[in-house]
Amino acid sequence: MSLLVVGLSHRSAPVSVLERASLSTDAQVKLLQDTVAAEPAAEAAVLATCNRIELYADVDKFHAGVAELSTLLAQHSGVGLEELTPYLYVHYEDRAVHHLFSVACGLDSMVVGEGQVLGQIKDSLARAQELHSAGRLLNDLFQQALRVGKRAHSETGIDRAGQSLVTFGLEQLAAGGDVETWARGKKALVIGAGSMSSLAAATLARAGVAEVVVANRTFDRAERLAQILGEGDDTDVLARAVPMESVPAELTRADVAVSCTGATGLVLTAEAVAAAVEGRTGQPAAEIADDRPAESRQAPPQSASVGNDENCPLDLAAVQPGFSVMGEAAVAGMDAATLEQHAAWVAGGTVDRRDAARRGPEADAELIGALAATAATVGRIPERRRPEPAAEPQRPEPVLFLLDLAMPRDIDAAVHRLAGVRLVDIESLAEASADAPMAADVDQVRRIVSDEVAAFGAALRAAHITPTVVALRTMAADVVASEIARLDGRLPGLDDKHRAEITQTVKRVVDKLLHAPTVRVKQLAAEPGGAGYADALRTLFDLDPETVAAVSRAEDSTEKDRGPA
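Throughout what follows, the structure given in this document is the object of discussion. (Residues numbered from 1 in each chain as written. Predicted model: local features only at pLDDT ≥ 70, side-chain atom pairs only at ≥ 80, totals over all residues. Heavy atoms only, no water.)

## Description of the overall build of the chain
If you tally the helices and strands in the chain, you get 21 helices and 10 strands. When each of the 565 residues of the chain is scored for burial, the buried share is 49%. Summarising the internal contacts of the chain: among those between residues at least 6 apart in sequence, 75% fall at separations of at least 24. Summing over all exposed atoms, the chain offers an accessible surface of approximately 26400 Å²; the carbon and sulfur share of this is 51%. (Helix = DSSP H or I, 4+ residues; strand = E, 2+ residues; numbered from the N terminus. Buried < 20%, exposed > 50% of the residue type's maximum accessible area, 1.4 Å probe, protein only. Contact = heavy atoms within 4.5 Å. Areas by Shrake-Rupley, 256 points an atom, 1.4 Å probe, with all protein chains shown as cover.)

So, in structure tokens, the structure goes:
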């Protein structure tokens, strides 16, 4: 396996970069198509959520793969490679598996324990299958990630460690007070009718708002959501749908508005919100100093120190057993010079690190430049540090509450400066969740993830030898058939009953001779470092490599036709 993931999330990049790098559905499709067309990648899948963009691929070369995936992400996101790569992280092989399983369990979410990411992983797999960009590796990986995520939610209390973004956002709007008390009797406007907007509308209805108005560009979808809300057994809420052009008027009537659309531009400008406040109060909405901390312009994290072991720039002794035999699973925290040295070490060459360190960026090839910036954020992704709290200016009580769950954002950030408005968006949610308490269940989920990563690696290593075992048994069957045919020539008078008995006897002898070695070799291949057993088997029995490859191709073709779990 040569699984590689390159991506960025709320843990590695500021919201301003995330929203610029967000990918529309069409852009995701084009990115997948271009990735599998690229030389280093055989399979690809894109996981895009409101706070992460990740590109998964099965690559045949690590360094070329990182450079290619980084470049493709930059091209399709519209953010320049030089600007984007300082915020990228890289995970390879077992670390990539660990990362996706952690994401599926909600451990890497802005609000720990949220389960909506499971649906997004399922959508990502379905899109890759539809485009035939997911083969055996990514099919198995994403389907197992879904199972691991479901297991974590069913066997632990990870749900108690955090809430959905909607619930967490409403708690922030309520300023720490009881959400139901805060919401009771309010009029709510929900802009958008997708899954997140539907969840927001249902949550508001259960919280006790008096009215929910749904606005969407496709009026039929808004009407359908309003009908579902109005027919709910557990709520007593007036629900109705309006076209998008009615949003300014409805905003004047609303006490709280939630927006989560797929729009690439702003849905609510600061001017529109100011007009709504003026319509409610009869007074112009005054601007006050923005009391939020200045947006964190996160510099690339400093790379960790890396030891040397027989000319290898990696501290291999400190690396957990993984899938790689060349130390590539340990590239965490590698700086530019070390990365180049590692590439040369893998290729059997050497690099003078001192010369590499002295070289300026202008002298670096594009490959090393992209790799260096990317690898600086590999492995442990640092948490964004919250700035020291500053004295907050006195603000009047809000008359309009706004929750923006879209990425890129739907509501102009300048709204933060308007008196009488409280805006909670993805950025402020990230800051608030930095101090959220972690439940004890998180440790249990982490253990589940570690166990599942080990099991997945063992299964992959065992599966790697399966085509060789199948080829060996096919060769044995051919030998038996050939010998029986020769026996027919030498004993033409042999009746059918005796021929069948002889054939079965020979087959049983061959099966018994092959049984123990093939079972044992699968067990050995499942252990770390067991990849060499397939090569040994092919050499010992002089198996035709093309026969083994044909079995692998047949299995991959079957996998690509599989549907999501």
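## Description of the environment of Ala477
Here Ala477 shows up in helix α18 (residues 441–490). Given a relative accessible area of 45%, Ala477 falls into the partly exposed group.

## Quick word on the nonpolar core
Residues Leu4, Leu8, Leu84, Leu165, Trp182, Val212 and Leu405 are the most contacted members of the largest nonpolar core, which totals 74 residues. Setting aside its immediate chain neighbours within four residues, Trp182 contacts Leu170, Leu173, Ala174, Val256 and Phe401. Membership of the second largest hydrophobic core comes to 36 residues, among which are Tyr56, Val103, Ala145 and Ile448. (Core = buried A, V, L, I, M, F, W, Y, C linked by side-chain atoms within 4.5 Å.)

## Quick look at the sheet that holds strand β8 (residues 256–259)
On the basis of which strands lie adjacent, the open sheet formed by 6 strands has the order β7-β6-β5-β8-β9-β10 and parallel pairing. Every other strand in the sheet has two partners, leaving β7 (238–243) and β10 (421–424) as the edge strands with one partner each. Put simply, the sheet's adjacent strands are angled 15° from each other on average, direction ignored. In this structure, strand β5 (residues 187–191) lies alongside strand β6 (residues 211–216), joined through 5 bridges in parallel fashion. If you follow Ala188 over to β6, its bridge partner there is Val212. Contacts between helix α8 (residues 165–173) and the sheet are confined to β8, β9 (400–404) and β10, with β9 contributing the most and set at about 150° to the helix. (Pairing = 2+ DSSP bridges. Axes fitted to C-alpha atoms, helices over the stretch in contact; angles between N-to-C directions.)

## Here we look at the packing of aromatic side chains
Tallied over the full model, the rule gives 4 aromatic pairs. Measuring from ring centre to ring centre gives 5.3 Å for Tyr56 and Phe142, while their planes differ by 80°; the resulting arrangement is edge-to-face. Of this pair, Tyr56 sits in strand β3 (residues 52–59) while Phe142 is found in helix α7 (residues 136–155), placing the two residues 86 residues apart along the sequence. A residue is classified by how much of its surface remains accessible, and Tyr56, at 0% relative accessible area, is buried. In this structure Phe142 comes out as buried when scored by relative accessible area, which is 1%. (Phe/Tyr/Trp six-rings, centres within 6.5 Å; stacked < 30°, edge-to-face > 60°.)

## Some remarks on the packing of helix α6 (residues 116–130) against α7
Orientation of α6 relative to α7, taken along the N-to-C sense of each, is 165°, at an axis distance of 10 Å. Classified by the interaxial angle, the pair formed by α6 and α7 is roughly antiparallel. Crossing handedness for the pair α6 and α7: left-handed. Contacts between α6 and α7 pair Leu118, Ile121, Lys122, Ser124, Leu125 and Gln129 from the former with Leu138, Asn139, Phe142, Gln143, Ala145, Leu146, Gly149, Lys150 and His153 from the latter. Residue composition of the contact of α6 with α7, grouped by class: 7 nonpolar, 6 polar and 2 charged. (Parallel < 35°, antiparallel > 145°, perpendicular 65-115°, else oblique. Left-handed = near helix turned anticlockwise from the far one by under 90°. Nonpolar A, V, L, I, M, F, W, Y, C, P; charged D, E, K, R; others polar.)

## Structural notes on the side chain of Glu54
Mapped onto the elements, Glu54 comes out in strand β3. Polar side-chain contacts of Glu54 include one of 2.8 Å to the side chain of Tyr56. (Polar contact = N/O pair within 3.5 Å; in protein donor to acceptor, adjacent residues only side chain to side chain.)

## Topic: the pairing of β9
Counting buried positions along β9 yields 5 of 5 residues, so the element is predominantly enclosed. Covered by surrounding structure in β9 are Leu400, Leu402 and Asp404 together with Phe401 and Leu403, the residues of both alternating faces. Bridge count between β8 and β9: 4 bridges; the pairing is parallel. Paired with Ala257 across the two strands is Leu402, which belongs to β9.

## Some remarks on the pattern of salt bridges
A complete count under the given rule lists 21 salt bridges for this structure. In this structure, Arg151 and Glu452 form a salt bridge, with 2.8 Å as the shortest nitrogen-oxygen distance. Of this pair, Arg151 sits in helix α7 while Glu452 sits in helix α18, and the two are 301 residues apart along the sequence. Accessibility expressed as a relative area gives 26% for Arg151, which makes it partly exposed. Since its relative accessible area comes to 12%, Glu452 is described here as buried. Note that Glu250 and Arg253 form a salt bridge whose closest N and O atoms lie 3.1 Å from each other. Of this pair, Glu250 and Arg253 both sit in helix α12 (residues 247–253), 3 residues apart, roughly one helical turn. Here the residues in one salt-bridge network are Arg11, Arg52, Glu54 and Asp108, joined through shared partners. (Salt bridge = Lys/Arg side-chain N within 4 Å of Asp/Glu carboxyl O.)

## Digging into helix α2 (residues 25–37)
End to end, α2 covers 19 Å across 13 residues, agreeing with the expected 18 Å (1.5 Å per residue, within 8%). Of the surrounding elements, those touching the buried residues of α2 are β2 (41–49), β3, α3 (62–77) and α6. (Expected span 1.5 Å × (residues − 1).)

## Considerations on the packing of α2 against α3
Two elements in contact, α2 and α3, have axes whose closest approach is 10 Å; the angle formed by their N-to-C orientations is 150°. Relative to α3, α2 is oriented roughly antiparallel. Relative to α3, α2 is oriented so that their crossing is right-handed. Together, Ala27, Lys30, Leu31, Asp34 and Thr35 of α2 and Leu69, Leu72, Leu73 and His76 of α3 make up the contact between the two elements.

## Description of the sheet that holds β3
Taking strand neighbours across the sheet as the criterion, the 4 strands line up as β2-β3-β1-β4 in an open arrangement whose pairing is antiparallel. Each edge of the open sheet carries a strand with a single partner, namely β2 and β4 (89–92). Strand-to-strand, the axes of this sheet are offset by a mean angle of 15°, without reference to chain direction. Of the strand pairs in this sheet, strand β1 (residues 3–9) and β4 are connected by 4 bridges, and their pairing is antiparallel.

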